[in-house]
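Geometric and topological summary
Each chain, letter by letter, is given below.
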Amino acid sequence: MLNVALPKGRLGEKVYAMFEKAGFPCPSIRENNRKLIFENPDCGVRYFWVKPSDVAIYVERGAADIGVAGKDILLEYAPDVYELFDLKTGVCRMAVAAPEGFRDDTRRALKVATKFTNIARAHYAARGRDIDIIHLNGSIEIAPILGLSDVIVDIVETGTTLKENHLEVVETVVPISARLIANKASFKFKNEPIEAIVKSLASQTEETV
Ligand code: PRP
């Protein structure tokens, strides 16, 4: 049985469709219910819906053999997994954003609000900019509006959230997309089905390019 951790939500549904096309269908997953585990013994696959930020933990610890995680999570938590493939979906970017017209006062530490403290720290360390990190768990865009921070480091996809809160991108930190990841031992012992999935996903992403 190949155990696959999928990120719950729109991205996960898109990715499941790719796995289905790769020859690992599990029709019960499309039923609208609250179940979190679905399996299809006929093709030896079991899917779990997990919180997107938890996929890498399941894979790292071997509760899942493979999974799909955003590059943001892989950079932030650096899990000990193999990153096998860029699915070229869930495309967005990690960016620094600030209130429109913001100017950095380099005489003092820059107050940075973010969920991604490691990514933000590495970004500013590379520039030699002193920062004061404020870790938040969501709705990051509010922080500079209320004066909690000067800037934010967050995911920007369409840019709508920034625009509606009168913020703008100052700089891109790193481009992000969904990645197929594998547990290191599973990659060795379940190599055949994993490689089959990688091959099919590769041909599917080429079709869309
Ligand atoms: C993410 C991100 C931004 C928003 C960006 O938030 O943190 O707030 O999406 O998308 P946009 O550029 O298309 O507007 P998410 O919905 O994951 O919730 P969060 O507030 O918990 O981070």
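Residues numbered from 1 in each chain as written. Predicted model: local features only at pLDDT ≥ 70, side-chain atom pairs only at ≥ 80, totals over all residues. Heavy atoms only, no water.

This brings us to the layout of surface pockets. Here the largest pocket defines a volume of roughly 1,000 Å³. The wall of the largest pocket is formed by 40 residues, among which Pro52, Asp72, Cys92, Ile155 and Glu157 lie closest to the centre. Mapped by element, the contributors of at least two residues to the lining of the largest pocket are helix H1 (10-21), strand E4 (66-70), helix H3 (71-77), strand E9 (151-156) and helix H6 (160-164). When its residues are assigned to classes, the lining of the largest pocket shows 16 nonpolar, 14 polar and 10 charged. Estimated volume of the second largest pocket: approximately 340 Å³. As for the second largest pocket, its lining consists of 14 residues, and the residues nearest its centre are Glu13, Ile29, Glu31, Asn33 and Trp49. (1 Å grid on protein atoms, 1.4 Å probe; cavity = no way out; pocket = protein on both sides within 12 Å on 5 of 7 lines; lining within 4 Å. Points joined across faces, edges and corners; volume = space filled by probe spheres on them. Helix = DSSP H or I, 4+ residues; strand = E, 2+ residues; numbered from the N terminus. Nonpolar A, V, L, I, M, F, W, Y, C, P; charged D, E, K, R; others polar.)

Taken together, the buried positions of helix H4 (residues 117-127) are Thr117, Ile119, Ala120, His123 and Tyr124. Down the axis of H4, the sector holding all buried residues measures 165 degrees, keeping them to one side. Turned more than 90 degrees from where H4 packs its buried face, Ala125 and Ala126 sit exposed. Elements that come into contact with the buried residues of H4 comprise H3, strand E6 (92-99), strand E7 (110-114), strand E8 (131-135), E9 and strand E10 (167-176). Phi turns positive one or two residues past the end of H4, at glycine 128, with a value near 70 degrees. (Buried < 20%, exposed > 50% of the residue type's maximum accessible area, 1.4 Å probe, protein only. Arc of directions from axis to C-beta. Contact = heavy atoms within 4.5 Å.)

Once that is clear, we can look at the site of the ligand. Neighbouring the ligand are the residues Lys115, Gly138, Ser139, Glu141, Asp154, Ile155, Val156, Glu157, Thr158, Gly159, Thr160 and Thr161. Here an oxygen atom of the ligand and a backbone polar atom of serine 139 are 2.9 Å apart. Here glutamate 141 contributes a side-chain N or O atom positioned 2.6 Å from an oxygen atom of the ligand. Here the ligand loses 64% of its free accessible area of 490 Å² to cover by the protein chains. Elements with a minimum of two residues in the shell around the ligand: E9 and H6. The element contributing the most residues to the shell around the ligand is E9, with 3 residues. Considered class by class, the residues forming the shell around the ligand number 2 nonpolar, 6 polar and 4 charged. (Near = heavy atom within 4 Å. Polar contact = N/O pair within 3.5 Å; in protein donor to acceptor, adjacent residues only side chain to side chain. Areas by Shrake-Rupley, 256 points an atom, 1.4 Å probe, with all protein chains shown as cover.)

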